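Below, each chain spelled out in residue letters.
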Amino acid sequence: MLDDESTLARDIIRVFILEHWARFYFAKDKDGQTVLDIPAEVMEKIRETHAELVPMLEETNGTVLTYEESCKNVGAFVCRLLDGPKYAPGVVTKAMDSKPFKIEMHLLSLWLKGHESYLDAHDLSYDDWLEMFVNWKQMDQVKAFIEKLQSTPPPAANTANSVH
C-alpha cells in the first residue's frame, strides 16, 4: 500500500507545487490586497504541458489571495482532479491525511525555504520547479532524511489536554 500512497502523494503534491509556483511569481499587490495575476501567455504554456491543472489557475487567476482561500481552493481542486477520475472515491481525502503526503508537504516546505533566494532571482517555469524538487529529493542527504522520516513512527496522541 505504501507505493500506492506514495504515488498518490506525488500526484497531490504536483498541484500544491503549482499553486505555490503561481503565488510565488504572480501574486501582485492591488489596492492593498494580494491578487493572483497570471499572464495569458503563461496560462497558455501551462495549458500546453499540464492541461489538467489549468482549471485551478483559471479559477483563482484575478482573485484576492488569502491563506484560507488558497487551502480551500487547492484541496477542492485536488479532489475534483483525482478523487474519482484517477483514484477510487474517498481515497484522495484519506491520502491527504497520510504519512507519505505529510512527508511530501514537509519536504516541499523545506525545499521552498532552502531555495527561496534562488527561485526569487530566476524566472522559472512550473516544470523547472518540478524538476528541481524531484532532483533535490534524489540527493543522498535528502534521501537519507526521507528514509528517516518514513521509518519514524507517528507521534502518540497527546491526551494531556483531552477530556475523558
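Parameters at a glance
Residues numbered from 1 in each chain as written. Predicted model: local features only at pLDDT ≥ 70, side-chain atom pairs only at ≥ 80, totals over all residues. Heavy atoms only, no water. Helix = DSSP H or I, 4+ residues; strand = E, 2+ residues; numbered from the N terminus. Contact = heavy atoms within 4.5 Å. Areas by Shrake-Rupley, 256 points an atom, 1.4 Å probe, with all protein chains shown as cover. Lys, Arg positive; Asp, Glu negative; His and termini not counted. Charge placed at Lys NZ, Arg CZ, Asp CG, Glu CD. Core = buried A, V, L, I, M, F, W, Y, C linked by side-chain atoms within 4.5 Å. Buried < 20%, exposed > 50% of the residue type's maximum accessible area, 1.4 Å probe, protein only. Disulfide = S-S within 2.5 Å. Phe/Tyr/Trp six-rings, centres within 6.5 Å; stacked < 30°, edge-to-face > 60°. 1 Å grid on protein atoms, 1.4 Å probe; cavity = no way out; pocket = protein on both sides within 12 Å on 5 of 7 lines; lining within 4 Å. Points joined across faces, edges and corners; volume = space filled by probe spheres on them. Nonpolar A, V, L, I, M, F, W, Y, C, P; charged D, E, K, R; others polar. Arc of directions from axis to C-beta.

### Re the overall build of the protein
Within the protein, the regular secondary structure consists of eight helices and two strands. Secondary structure elements of the protein, listed N to C terminal, follow the sequence α-β-β-α-α-α-α-α-α-α. With respect to the principal axes defined by its C-alpha atoms, the protein has extents near 50 × 40 × 35 Å. Taking the intrachain contacts of the protein between residues at least 6 apart in sequence as the baseline, contacts between residues at least 24 apart amount to 68%. Accessible area for the protein stands at about 10,200 Å²; split by element, carbon and sulfur atoms hold 54% of it. Averaging the positions of the 17 positive and the 27 negative side-chain charges in the protein gives two centres separated by 5 Å.

### Topic: the nonpolar core
In terms of nonpolar packing, the biggest core is built from 45 residues, with Ile12, Trp21 and Trp129 touching the most fellow members. Of all the secondary-structure elements, those providing two or more residues to this core are α1 (2-26), α2 (40-50), α3 (54-60), α4 (67-82), α5 (91-95), α6 (99-121), α7 (126-137) and α8 (140-151). Broken down by element, the residue count for this core peaks at twelve residues, all from α1. When near neighbours in sequence (up to four residues on either side) are disregarded, Trp129 contacts Ile17, His20, Trp21, Phe24, Tyr25, Trp111, Leu112, Leu119 and Leu124.

### Some details on the state of the cysteines
Within the structure shown, the criterion is met by zero disulfides. Cys79 supplies the cysteine sulfur nearest to Cys71, a cysteine that is in no disulfide, at a spacing of 13 Å.

### Remarks on the environment of Phe101
With respect to the helices, strands and loops of the structure, Phe101 is situated in helix α6. Sequence separation between Phe101 and Leu8 is 93 residues; the distance between their C-alpha atoms is 8.0 Å. With residues near it in sequence (within four places) discarded, Phe101 still touches Ala9, Ile12, Ile13, Phe16, Ala95 and Met96.

### Regarding the packing of aromatic side chains
Applying the stated criterion to the full structure yields eleven aromatic pairs. Between Phe24 and Trp129, the ring centres sit 5.5 Å apart and the planes meet at 65°, which makes this aromatic pair edge-to-face. Placement of the pair is Phe24 in helix α1 and Trp129 in helix α7, with a sequence separation of 105 residues. Of the residues examined, Trp129 reaches a relative accessible area of 0% and is grouped as buried.

### Remarks on empty space enclosed by the protein
Counted by the stated rule, this structure contains one cavity of 30 Å³ or more. Approximately 100 Å³ is the volume attributed to the largest cavity. What lines the largest cavity is a set of 14 residues, among which Glu19, Leu36, Thr60, Leu65 and Ser70 lie closest to the centre. Among the residues making up the lining of the largest cavity, the classes are represented as seven nonpolar, four polar and three charged.

### With respect to α2
Those residues of α2 that fall on the buried side of the exposure criterion are Val42, Met43, Ile46 and His50. The arc enclosing the buried residues of α2, seen along the axis, measures out at 100°, which places them on a common side. Across α2 from its buried face, at more than 90 degrees, point the exposed residues Ala40, Glu41, Lys45 and Glu48.

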